[in-house]
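An overview of the molecular structure
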Amino acid sequence: MGDSTPFVELRGVTKRFPGVTAARDVSISFFRGKVHALLGENGAGKSTLVKIISGIYAPDDGQIFFEGHPVRLHAPVDAERHGVAVVHQHRTLVNDLTVAENLFLGQLGPCWSVFRRANWNSRAKELLATVELDVDPSTPVRDLSPAEQQLLEIARAIGRNARFIIFDEPTTSLTPPECEVLFAQIRSLRERGLAIVYISHDLEHALALSDEITVLRDGAVVAHEVGLKDVETVVRHMIGRTLDAGYPRTRTASNDEVLYVSDLRSSRLNGVDLQVRRSEIVCIAGLVGSGRTELLRAIFGLDRFEVGDIRLKGSAFTPRSPRHSIDAGLGFVSEDRKQQGLVLELGVSANLVLGNERPLGRLGFISSAREKSLVQNAIQSLRIKASSPRTQVGTLSGGNQQKVVLGRWLARSTQLLLIDEPTVGIDVGARAEFYRLLDEYAAAGGSCLIVSSDLTEVLGLADRVVVMRDGASVAEMERSEMNRENLLRAMTTVAA
């Protein structure tokens, strides 16, 4: 195959579902030895194309070519035979199995004897070495870090002779240093002649890594660029306009203390000190495992702490339970909105009302007029895009799902929002909208304590940053001190 022949090519591919065309006359070529970024907002058609290339969907119109030859993929196994592998955002590993068992899942046969185990473990070590993953093949997958699991997925793809690997949002659970390890492996795969497709909402990473990009909007290709590194140009292609200021700042923090935490300690916390004032957004930065989420859970009453003091609006506060914290004016937005923040099978209206039943009625009966007013106000003020209040939340985009979670807390006049990874899985346009809502909330007198692994987000959102490491707060920075270098140094460097 010559360099001018794409390894995978889509010609005029269209995919229709009832009421929507998810892919519209799409033509894209993917070449060996290239990283090709596939970019677009949620609902732009990226996932549909991935499923077509990997054999999950069949196109209604158009053709797929592998190495210049037309093919019809009837199932994922057909795509795998052609060398296609997908490294998904949500891991497809089996936690209860070992590293070796996951590497060769489906290939081990009925007899997993001691002799065969040694043979497979030996082969596993060879595969792990190709991605520089130094772990024992007999280690249970649950004991691996998110970054190690990501590398294991790549090793598994290589072991199945993948020549075309799609990375779908691979960095959502990785720290900045772990991202660099992943990027090094992707570049290595490119140098070895594999064709790589990279999908991410992190445009800076995508542009730094890619040789060329294709931008989708409403199921159609709207731009193809080679060597483009300008984020604003990509954003304009993605949403059809230039974004206004990504991090609006209409708020002015007061001196009124809302939250004070002193020497908080538990089995996962080793001394945390911080303060949040009214109309202030404070971000917590730190590597995965630094205790950031555990801190939010302790403040909200989900986990118990053993030592330390919390003051809420100047008064001593010991959260006995989440309900106690909610009644005191706190709200908690979990990182995993689908599992812990929403009931996906229920409608927008039911999810907004969830937990707000008491203010909406008396004697256990909800006032339909009050419920309707709450739902309409939330949908309008938060600009939730749904065909009706009864639309199932599970069918909404990630950004609109997050707005529903936020709307539930704002309906209660929550005074302090604890938010864990606010924009994971949310596209650039929806992120800007979410940042606007947080700024409006703070400008109206609310306060936010936000955990984020996205340093660009931290630098844009925060009025102050508290850095955590090994369960302790190790640094605090005002806006004048905040930059990427200072944050990374505090997050990763142990003080002498």
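Residues numbered from 1 in each chain as written. Predicted model: local features only at pLDDT ≥ 70, side-chain atom pairs only at ≥ 80, totals over all residues. Heavy atoms only, no water.

1. Here we look at the confidence of the model for the protein chain
Defined as follows: The quantity called pLDDT is the predictor's confidence in a given residue, expressed from 0 to 100. Residues are treated as being in contact if the distance between any of their heavy atoms lies within 4.5 Å.
Of all residues in the protein chain, 93% have pLDDT values of 70 or greater, and the mean over the chain is 87. This model gives residues 111-115 a pLDDT under 50, and the stretch forms four contacts once residues within four places in sequence are excluded.

2. Some thoughts on the pairing of strand β22 (residues 472-478)
To keep things clear, this is the line we draw: When DSSP finds two or more bridges between a pair of strands, those strands are recorded as paired. Counting from the N terminus, the helices are the DSSP runs of H or I reaching at least four residues and the strands are the DSSP runs of E reaching at least two.
Here strand β21 (residues 464-469) runs beside β22; their pairing, made up of six bridges, is antiparallel. Along β22, the bridge assignment pairs Val 467 with Ala 475. In this antiparallel pair of consecutive strands, β21 and β22, the connection spans two residues, and Asp 470 shows a positive phi of 55°.

3. Some words on the sheet that holds strand β5 (residues 69-71)
Across a sheet, strands are paired by hydrogen bonds formed along the backbone, either parallel or antiparallel in direction. Keep this limit in mind: Fitted lines through C-alpha atoms give the axes, limited to the stretch in contact for helices. The angle between two N-to-C directions lies from 0 to 180 degrees.
With antiparallel pairing, four strands are arranged side by side in an open sheet as β2-β1-β4-β5. Because the sheet does not close on itself, it has two edges, and the strands there are β2 (20-30) and β5. Averaged over all adjacent pairs, the angle separating strand axes in this sheet is 30°, with direction ignored.

4. Focus on the pattern of salt bridges
Opposite charge on two side chains permits them to pair, given that their charged atoms come into close proximity. The condition is simple: A pair is scored as a salt bridge if a Lys or Arg side-chain nitrogen falls within 4 Å of a carboxyl oxygen belonging to Asp or Glu. The classification of residues rests on relative accessible area computed with a 1.4 Å probe and restricted to protein chains. Under 20% of the type maximum is buried, over 50% is exposed, and intermediate values are partly exposed.
Counted according to the given criterion, the structure contains 29 salt bridges. For Glu 191, the salt bridge identified is with Arg 190, shortest N-O distance 3.9 Å. By relative accessible area, which is 63% here, Glu 191 ends up exposed. A residue is classified by how much of its surface remains accessible, and Arg 190, at 15% relative accessible area, is buried. With its nearest N and O atoms 3.3 Å apart, the salt bridge here joins Arg 190 to Asp 211. Of this pair, Arg 190 sits in helix α6 (residues 176-191) while Asp 211 sits in the loop between α7 (203-209) and β9 (212-217), and the two are 21 residues apart along the sequence.

5. Considerations on the packing of helix α15 (residues 398-410) against helix α16 (residues 428-443)
Each packed pair of helices is defined by two parameters, the angle between the axes and the distance between the axes. Stated precisely, the cut-off is as follows: Oblique is the label for any angle not covered by the other classes, which are roughly parallel (under 35 degrees), roughly antiparallel (over 145) and roughly perpendicular (65 to 115). In this scheme the handedness of a crossing depends on how the near helix is turned from the far one: anticlockwise by less than a right angle means left-handed, clockwise means right-handed. All amino acids are sorted into three groups, where Ala, Val, Leu, Ile, Met, Phe, Trp, Tyr, Cys and Pro are nonpolar, Asp, Glu, Lys and Arg are charged, and the leftover types, Gly among them, are polar.
Their axes nearest at 10 Å, the elements α15 and α16 cross at an angle of 15°. Considering their axes alone, α15 and α16 lie roughly parallel with respect to each other. Note that α15 runs across α16; the crossing there is left-handed. Of α16, the residues touching α15 (which contributes Gly 399, Gln 402, Lys 403, Leu 406 and Leu 410) are Ala 430, Glu 433, Phe 434, Leu 437 and Tyr 441. A class-by-class count of the residues in the contact of α15 with α16 yields six nonpolar, two polar and two charged.

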